[in-house]
Amino acid sequence: MNAQRANGNGREQPLIRVEGLRVYFPITRGIIFQRHVGDVKAVDGLDFEIKRGETLGLVGESGCGKSTTGRAILQLYRPTSGHVYFGDVDLTTLKGEALRRMRRRMQMIFQDPYASLNPRMTVGGIVGEPLEVHGIAKGKEKRERVQELLRVVGLNPYFINRYPHEFSGGQRQRIGIARALALNPDFIVCDEPISALDVSIQAQIINLLEDLQEQFGLTYLFIAHDLSVVRHISDRVAVMYLGKIVELANRVELYEHPLHPYTQALLSAVPIPDPEIEAQRQRIILEGDVPSPTNPPRGCRFHTRCPLAMDVCREDPEPEFKDAGGGHYVACHLVH
Amino acid sequence: MARLLDVRDLETRFYTQDGIVHAVNGVSFHVDEGETLGIVGESGSGKSVTVLSIMRLIPSPPGKITSGEIIFEGRDLLKIDEEEMREVRGNRMAMIFQDPMTSLNPVLTIEQQITEALELHLGMNHQQARRRAIELLKMVGIPAAEQRIDNYPHQFSGGMRQRVMIAMGLACNPRLLIADEPTTALDVTIQAQIVELVKRLRDEIGMAIIWITHDLSLLAGLADRIIVMYAGQVVESAQTADIYRNPRHPYTIGLLQSIPRLDEKRRERLEPIEGVAPRSH
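**Q** It is not clear to me how the overall build of chain B should be interpreted in this structure. Could you clarify?
**A** Per the secondary structure count, chain B includes 11 helices and 10 strands. For 281 residues, the compact-globule formula gives about 19 Å, and the C-alpha radius of gyration of chain B, at 19 Å, lands near that figure. For the C-alpha atoms alone, the extent of chain B along its principal axes is close to 55 × 50 × 40 Å. Long-range pairs, those at least 24 residues apart, make up 64% of the contacts in chain B between residues at least 6 apart in sequence. For chain B, the computed accessible surface area is about 12,100 Å², with 49% contributed by carbon and sulfur atoms.

This is the structure in structure tokens:
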């Protein structure tokens, strides 16, 4: 980024800025001479920003590239092309120690609280590990900090010597959150943090995430497939389909005036807990499945399932992702 | 409507090293012909063990149905022998599971898996069975069924696999279809497809359905009656409209309040059910 904005105040400048982000996973044939025969285009050209203190919701069906996006922002996958700016720093150019130092400021909360905690480590070991790795605290100091973190996420600090299997799913997710908070990060990628939890526990974790955001001024990328949860927690919401963002707007706008046919179909597919409303609802049922990201359809990538597809949608170029007014971005020929 | 299934005071326990798990603890409910019953509950509430008990598919040991009656089409399923039970299973009642990948056999083609039941239960020869299998696949909306029938499960997407499972469940025209979280592993748009499909098939075939889920909102447009389970017991049972409009049990009320809803104004704060469900042993 240019130097003028570098020293500007944090309100104006986005915390995260993603430009033309692409993540391709190569498909190879052969054992010794691995010929490159194609790519899984998991993320295929994303542009968006996340403001400081904001929650950006990222929704889409499985395989649309939302988790890959989260990981590519944190450089857990190195992007095939494009840039990810954290403040002024382009993370895609960093390596080794410089990248490791930036990692302190960005953390991740994982979906599966059973798989993301090492069963052989105690809670103290799990939550304290980042402190040790980054040389922030050890010994008694570390122990105190871990106990404080446990208290912050609503766990009993005396649990410090227990193992993950002694906790329920919701409590484990709290441990994962404590670990993410250990280094006082600015930015946290929450990758489906509640999908593995029981309904009654989900609300506890959502409330906790909201409290922590307020308390520590955190910025979230909240990845989920549950549209009602995303509406609750997000300030702005991006809808992904087959590696691209098809619509991005603030929460109220997106849910009340969805412009993209895919967003409309997604919203209409969400069941509402009221039999009378359900009886009267007109569902948009999408035909078929999501096409393969190895070879996405030409033209608009949604045209194969779109109930409103026109001739122009089947031809290149793809509809452009641009502002339809008031920061409501959409990529659809029907709108532009 | 005639009574199809009557479960009375069912008790299923698991005898483990850590003690006796009271998974199902005196559960009673019924299903009428052609009716859709929703069972809602969280993990560990005993909803899956309940229907596995009805199918007599509880692994034993360590599991055991310790008391109760399961009257299906006038017979107590707990009193008939394994031979007769096999006639009931697959033929009179069928079950579809949550994860269509693990419940299909990966080394058999779709044809082999569907025709097995047809040849076994209905005594069809192979040619008849194959024709019927293609018919079933078409009925559940699988495009190019004539070709796809020779594919293996891994060549199908999650939603398509669940359609295959449903086709297998319907193969012998069962009177009761038990669906154990059949859409939990699927995306919302695919879930909507499957729910529409099951509703259409139900109306065409006229079978009864038990639909198990943890998602109370899903049942609103699907079930005639709903029972709510918690810690191995039925805590509330009512007509679908009453459950949503006038929930009585604090747990049901808690469940309804803890989920954000798309049709309501966004609430500032969600109201969770505090604490953790107690263990059943």
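Now, onward.
**Q** Would you explain the overall build of chain A in this entry?
**A** Scanning chain A from terminus to terminus reveals 11 helices and 12 strands. Against the compact-globule benchmark of 20 Å for 336 residues, chain A has a radius of gyration of 21 Å, which places it among compact chains. Its C-alpha atoms put chain A at 70 × 55 × 50 Å along the principal axes. Burial analysis of chain A (336 residues in total) assigns 53% to the buried set. Sequence separation of 24 or more characterises 62% of the internal contacts of chain A that already satisfy a separation of 6 or more. Of the roughly 15,100 Å² of accessible surface on chain A, 48% is carried by carbon and sulfur atoms. Averaged over its 40 positive side-chain charges, chain A has a centre that lies 8 Å from the centre of its 41 negative ones.

**Q** Even after reading the chapter, I still don't get the packing of helix α4 (residues 123-133) of chain A against helix α6 (residues 169-181) of chain A, so can you show me in this structure?
**A** Geometry of a packed helix pair, given as the angle between the helix axes and the separation of the axes. All names here are of chain A. Two elements in contact, α4 and α6, have axes whose closest approach is 7 Å; the angle formed by their N-to-C orientations is 25 degrees. If you check the angle between α4 and α6, you find them roughly parallel. As for how α4 packs across α6, the hand of that crossing is right-handed. Across from Val123, Ile126, Val127 and Pro130 in α4, the residues of α6 making contact are Ile175, Ala178 and Arg179. Residue composition of the contact of α4 with α6, grouped by class: 6 nonpolar, no polar and 1 charged.

**Q** Any chance you could explain the interface of chain A and chain B here in plain terms?
**A** Accessible area lost upon the coming together of the parts serves often as the stated size of an interface. Each partner contributes residues to the interface: chain A has 40 residues there, and chain B has 44 residues. Both sides of the chain A and chain B interface together cover about 3,700 Å² of buried area, and 57% of this is carbon and sulfur. Applying the counting criterion to the chain A and chain B interface returns 3 salt bridges. Across the contact surface, chain A and chain B share 14 residue pairs in polar contact (both at pLDDT 80 or more).

**Q** Even after reading the chapter, I still don't get the confidence of the model for chain B, so can you show me in this structure?
**A** Do not read the fine detail of predicted coordinates wherever pLDDT is low. Across chain B, pLDDT averages 89, with 99% of residues at or above 70. Overall fold confidence (pTM) sits at 0.86, and the ipTM for the predicted complex is 0.80.

**Q** Please explain the sheet that holds strand β8 (residues 219-224) of chain A as it appears in this structure.
**A** To summarise the sheet geometry, strands pair through backbone hydrogen bonds and adopt either a parallel or an antiparallel arrangement. Residues and elements named next belong to chain A. Here 8 strands make up an open sheet; going across it, the order is β6-β7-β8-β3-β9-β10-β12-β11 and the pairing mixed. Strands with a single pairing partner mark the edges of an open sheet, and in this sheet they are β6 (106-109) and β11 (322-323). As paired elements, strand β7 (residues 187-191) and β8 share 5 bridges and run parallel to each other. From the neighbouring strand, Ile188 faces β8, where its bridge partner is Tyr220. Relative to the sheet, helix α7 (residues 199-216) contacts β3 (55-59), β6 and β8, its axis offset from that of β8 by approximately 160 degrees.

**Q** I would appreciate a short explanation of the packing of α6 of chain A against α7 of chain A in the present structure.
**A** Residue and element names in this part refer to chain A. One way to put it is that α6 packs onto α7 with a least axis distance of 10 Å and a crossing angle of 15 degrees. In this view, α6 runs roughly parallel relative to α7, as classed from their interaxial angle. Between α6 and α7 lies a crossing whose hand is right-handed. The residues of α7 that touch α6, namely those facing Gly170, Gln173, Arg174, Ile177 and Leu181, are Ile201, Gln204, Ile205, Leu208, Leu209 and Leu212. Per-class residue counts for the contact of α6 with α7 are 7 nonpolar, 3 polar and 1 charged.

**Q** Sorry if this is basic, but what is going on with the pattern of salt bridges here?
**A** Side chains bearing opposite charge may pair, as long as their charged atoms lie close to each other. All names here are of chain A. Counted by the stated rule, this structure contains 45 salt bridges over all chains. Note that Arg301 and Glu318 form a salt bridge whose closest N and O atoms lie 3.2 Å from each other. Remark: Glu318 occurs in the loop between α11 (275-280) and β11 and Arg301 occurs in the loop between α11 and β11; sequence separation between them is 17 residues. On the basis of relative accessibility, which here comes to 29%, the residue Glu318 falls in the partly exposed class. Residues participating in the shared-partner salt-bridge network are Arg22, Asp44, Lys244, Arg301 and Glu318.

**Q** What exactly am I supposed to notice about the environment of Ala23 of chain B here?
**A** All names here are of chain B. Within the fold, Ala23 resides in strand β2 (residues 19-32). Taking C-alpha positions, Ala23 is 28 Å from Gln191, a pair spaced 168 residues apart along the chain. Apart from residues no more than four positions distant in its own chain, Ala23 is found in contact with Thr12, Phe14, Ser45, Gly46, Val49 and Gly232.

**Q** Before we go on, may I ask you to explain the sheet that holds strand β7 (residues 176-180) of chain B in this structure?
**A** Residue and element names in this part refer to chain B. Read from one edge to the other, the open sheet built from 6 strands follows the order β6-β7-β8-β3-β9-β10, with strand pairing classed as mixed. The open sheet has two edge strands with one neighbour each: β6 (93-96) and β10 (233-239). The sheet shows a mean angle of 15 degrees between the axes of neighbouring strands, direction not considered. As paired strands, β7 and strand β8 (residues 208-213) are joined by 5 bridges and run parallel to one another. Paired with Leu177 across the bridge in β8 is Ile209. Packed on one face of the sheet, helix α7 (residues 158-170) meets β6 and β7 and runs near 170 degrees to β6.

**Q** Before we go on, may I ask you to explain helix α10 (residues 261-269) of chain A in this structure?
**A** An α-helix turns once every 3.6 residues. As a result, residues three or four positions apart point the same way. Within α10 of chain A, 8 of the 9 residues are buried, which leaves it mostly tucked inside the rest of the structure. Within the span of α10 of chain A, buried status applies to Pro261, Tyr262, Thr263, Ala265, Leu266, Leu267, Ser268 and Ala269 of chain A. Tucked inside the fold, the buried residues of α10 of chain A contact α8 (227-233), β9 (236-241), β10 (244-250) and α9 (251-256) of chain A together with α8 (188-205) of chain B.

**Q** Would you take a moment to explain the pairing of strand β4 (residues 81-86) of chain A for this structure?
**A** Within a regular strand, side chains alternate between the sheet's two faces. Residues and elements named next belong to chain A. Of the strand pairs in this sheet, strand β1 (residues 16-29) and β4 are connected by 5 bridges, and their pairing is antiparallel. Residue pairing across strands places Val18 opposite Val84, the latter belonging to β4. Looking at chain direction, β4 and strand β5 (residues 89-90) are connected through 2 bridges and run antiparallel. Bridge pairing in β5 places Phe86 opposite Val89.

**Q** Which parts of the structure should I look at to understand a nonpolar patch on the surface?
**A** Residue and element names in this part refer to chain A. Together, Leu308, Met310, Val312, Leu334 and Val335 make up a nonpolar patch on the protein surface, roughly 360 Å² of accessible area in all. Inspection of the secondary structure assignment puts Leu308 in the loop between α11 and β11. The class for Leu308 is partly exposed, based on a relative accessible area of 41%.

Parameters and conventions
Residues numbered from 1 in each chain as written. Chains lettered and ligands numbered in written order. Predicted model: local features only at pLDDT ≥ 70, side-chain atom pairs only at ≥ 80, totals over all residues. Heavy atoms only, no water. Helix = DSSP H or I, 4+ residues; strand = E, 2+ residues; numbered from the N terminus. Rg over C-alpha atoms; globule rule 2.2 N^0.38 Å. Contact = heavy atoms within 4.5 Å. Areas by Shrake-Rupley, 256 points an atom, 1.4 Å probe, with all protein chains shown as cover. Buried < 20%, exposed > 50% of the residue type's maximum accessible area, 1.4 Å probe, protein only. Lys, Arg positive; Asp, Glu negative; His and termini not counted. Charge placed at Lys NZ, Arg CZ, Asp CG, Glu CD. Axes fitted to C-alpha atoms, helices over the stretch in contact; angles between N-to-C directions. Parallel < 35°, antiparallel > 145°, perpendicular 65-115°, else oblique. Left-handed = near helix turned anticlockwise from the far one by under 90°. Nonpolar A, V, L, I, M, F, W, Y, C, P; charged D, E, K, R; others polar. Buried area = accessible area lost by both parts, 1.4 Å probe. Salt bridge = Lys/Arg side-chain N within 4 Å of Asp/Glu carboxyl O. Polar contact = N/O pair within 3.5 Å; in protein donor to acceptor, adjacent residues only side chain to side chain. pLDDT = per-residue confidence, 0-100. Pairing = 2+ DSSP bridges. Patch = residues over 30% accessible without salt bridge, like charges linked within 9 Å, V, L, I, M, F, W, Y side chains within 5 Å.

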